[in-house]
Amino acid sequence: MIRLDGQEMKNCILLVFGLLALATAAKLNYTGHKVIRVIPETKEQLEFLRDWESSSEIDFWLLPSSARRFADIRVSPESYAHVAARLADMKMSHTVHIADVGELERQEQHNMAQRIAIFNGEKAIDVENYHTYEEVMAYLAELANTNPLVSTKVGGTSEEGRDIVQAIISSDLSANKPVHFFDCNIHAREWITAATCVWIIDQITTGYGSDPEITSLVDQYDWKFVPIANPDGYAYTWNTDRNWRKNRLVNNGSTCVGVDANRNFPIGFAGSGSSSDPCSGTYHGIAAFSEREASALRDLIAADRGRVKTAISMHSYSQMFLSPYGYTTDLPAEYPEMFRAMEIAVNALTSTYGTPYTYGNTAVTIYIASGDTTDHYYESEGVVHSYTIELRDSGTYGFQLPPDQIVPTATKTWNGLKAMINAI
Ligand code: 0X9
Ligand code: ZN
């Protein structure tokens, strides 16, 4: 045992306080930031919001979609008057939807700490809590070491050197079974998406051999998950800025950091619903696949070409099930089949807890979004059942969904997916 004398003890305490201060100082403080809700009524108002989003750093939590559907904007105390005035200029009123984003974040920290305190260690990971990139990777590595069904594959490495890891669950890899492919947390702040994928991985790996439905799903298919598709952005949300969306690429010639990896795919690249401004939250990057997150997903899904039965991109928030296309309002040839599958999924999903979900093709149901995963999986890889799911909630907590909503969110999503998979 190490004994410290009085002075050493004091130094130690000072060091701990110093580190704590540093940690708090390094983290962006959202105290007093609000999320305001705006409803564009006219085409002009909608265009104004869209242009604003793609030409500034202003942080849209929910992107402007169509006239009469709300958009959510996070505003700092300093910018609130200016934002409100610009909206008023455009004859748009707003409501304050979240009064203090900093308070939400403190509640989130508190809820997570409480869960840590009561976690009994029965499972390899507390699926009812959020986890850092390192914790999720350690969980996957342990699963791969201890469970014969599980292996991992590195799809690529991020700018900051983190592996983009895919967890593979298969009872017989050599059988080349049809694949269910998932990417999660490509948007850094959407923590519920990694948590949902981890929960599903846990369901499958613990249910195999005891739960007949899961056993048959693993006997029939290979299951592949990238739980954290944007590791640098995700780490940044834990360490520095809880509300970061993009990756952490240092953009040449700009002081703004990051590319939206979900605008960096080739179908409709640089089209509408994406921005050429590195400061925008939807910046598409210099070329399709310029980003390591996008090229990793490209390579991982291409490795299973011809075998991918469903490709699911997990996002939050707004409770929607979305099919291609995102880049155009034209409907894909297979739309009737997609619609049928989504209807089955959404019926099973909503009947679990009654949480309402809307569904349909992206460009009409939500907004035009060019260069995203779902269009790439469908158009370039030929995956008919390629969907984006926007998980809970509809804006009460936004990205800071309390940990006690992880299990209900994941459970109903999984019920929806199982129903769909059994029907396609
Ligand atoms: O805009 C996005 O990237 C997604 N929404 S989010 O609020 N999570 O950012 C929606 C993308 C939907 N695209 C397709 N289904 N093609
Ligand atoms: Zn997203």
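Attention here is on the structure that accompanies the text. (Residues numbered from 1 in each chain as written. Chains lettered and ligands numbered in written order. Predicted model: local features only at pLDDT ≥ 70, side-chain atom pairs only at ≥ 80, totals over all residues. Heavy atoms only, no water.)

**Some remarks on the sheet that holds strand E2 (residues 59-62)**
Across a sheet, strands are paired by hydrogen bonds formed along the backbone, either parallel or antiparallel in direction.
Turning to step 1, where the next piece is worked out: With antiparallel pairing, the 4 strands of this open sheet are ordered in space as E2-E3-E1-E4. One side of each edge strand has no neighbouring strand; the edge strands of this open sheet are E2 and strand E4 (94-98). In this sheet, neighbouring strand axes are inclined to one another by 35° on average, regardless of whether the strands run parallel or antiparallel.
Turning to step 2, where the next piece is worked out: Sheet topology places strand E1 (residues 34-38) next to strand E3 (residues 71-75); 5 bridges connect them, and they run antiparallel. Note on E3: the bridge partner recorded for Arg37 is Asp72.
Turning to step 3, where the next piece is worked out: Each of E1, E3 and E4 touches helix H3 (residues 80-89); the most contacted strand, E1, lies at about 0° to it. (Pairing = 2+ DSSP bridges. Helix = DSSP H or I, 4+ residues; strand = E, 2+ residues; numbered from the N terminus. Axes fitted to C-alpha atoms, helices over the stretch in contact; angles between N-to-C directions. Contact = heavy atoms within 4.5 Å.)

**So, empty space enclosed by the protein**
Turning to step 1, where the next piece is worked out: Here the structure, examined in full by the defined rule, presents 3 cavities of 30 Å³ or more.
Turning to step 2, where the next piece is worked out: Computed from the structure, the largest cavity encloses a volume of approximately 70 Å³.
Turning to step 3, where the next piece is worked out: Lining the largest cavity, in full, are Val127, Asn129, Tyr130, His131, Val136, Trp191, Ala194, Ala195, Val198 and Tyr234.
Turning to step 4, where the next piece is worked out: Here the lining of the largest cavity gets 4 residues from one element, more than from any other, and that element is helix H6 (residues 191-207).
Turning to step 5, where the next piece is worked out: Taken together, the residues of the lining of the largest cavity sort by class into 8 nonpolar, 2 polar and no charged.
Turning to step 6, where the next piece is worked out: Counted as a void, the second largest cavity has a volume near 50 Å³.
Turning to step 7, where the next piece is worked out: In terms of lining, the second largest cavity is formed by Leu62, Leu63, Ser65, Arg69, Phe70, Ser318, Met320, Ile366 and Tyr367.
Turning to step 8, where the next piece is worked out: Here the residues of the lining of the second largest cavity are counted per class, giving 6 nonpolar, 2 polar and 1 charged. (1 Å grid on protein atoms, 1.4 Å probe; cavity = no way out; pocket = protein on both sides within 12 Å on 5 of 7 lines; lining within 4 Å. Points joined across faces, edges and corners; volume = space filled by probe spheres on them. Nonpolar A, V, L, I, M, F, W, Y, C, P; charged D, E, K, R; others polar.)

**Overview of the pairing of strand E6 (residues 163-169)**
Turning to step 1, where the next piece is worked out: Along E6, 6 of the 7 residues are buried, which leaves the element largely enclosed by surrounding structure.
Turning to step 2, where the next piece is worked out: Of the strand pairs in this sheet, strand E5 (residues 150-157) and E6 are connected by 7 bridges, and their pairing is antiparallel. Each residue of the ladder has a partner; that of Lys153, found in E6, is Gln166.
Turning to step 3, where the next piece is worked out: What sits between the antiparallel neighbours E5 and E6 is a turn of 5 residues, in which Gly161 has the positive phi angle 90°.
Turning to step 4, where the next piece is worked out: The pairing of E6 with strand E8 (residues 222-226) spans 3 bridges and is antiparallel. (Buried < 20%, exposed > 50% of the residue type's maximum accessible area, 1.4 Å probe, protein only.)

**Examining the sheet that holds strand E12 (residues 385-391)**
Turning to step 1, where the next piece is worked out: Strand order in this open sheet of 8 strands is E5-E6-E8-E7-E9-E12-E10-E11, and the pairing throughout is mixed. In this open sheet, the two edge strands, each paired with only one partner strand, are E5 and strand E11 (358-361). Neighbour to neighbour, the strand axes of the sheet diverge by 20° on average, direction disregarded.
Turning to step 2, where the next piece is worked out: Of the strand pairs in this sheet, strand E7 (residues 179-184) and strand E9 (residues 308-316) are connected by 6 bridges, and their pairing is parallel. Bridge pairing in E9 links Val179 to Val308.
Turning to step 3, where the next piece is worked out: Sheet contacts for helix H5 (residues 133-146): E5 and E6; angle to E5, the most-contacted strand, approximately 140°.

**Here's the deal with the site of ligand 1**
Turning to step 1, where the next piece is worked out: Not every one of the 17 residues close to ligand 1 is listed here, only the nearest: Arg245, Thr362, Tyr367, Asp372 and Glu390.
Turning to step 2, where the next piece is worked out: The separation between a nitrogen atom of ligand 1 and a polar side-chain atom of Thr388 is 3.1 Å.
Turning to step 3, where the next piece is worked out: Taking Glu390, its side chain carries an N or O atom lying 2.6 Å from a nitrogen atom of ligand 1.
Turning to step 4, where the next piece is worked out: Notes on ligand 1: free accessible area 420 Å², of which the protein chains cover 99%.
Turning to step 5, where the next piece is worked out: If you map ligand 1 onto the pockets, it falls in the largest pocket.
Turning to step 6, where the next piece is worked out: Broken down by class, the residue content of the shell around ligand 1 amounts to 3 nonpolar, 8 polar and 6 charged. (Near = heavy atom within 4 Å. Polar contact = N/O pair within 3.5 Å; in protein donor to acceptor, adjacent residues only side chain to side chain. Areas by Shrake-Rupley, 256 points an atom, 1.4 Å probe, with all protein chains shown as cover. Sits in = over half its atoms within 2 Å of the grid points.)

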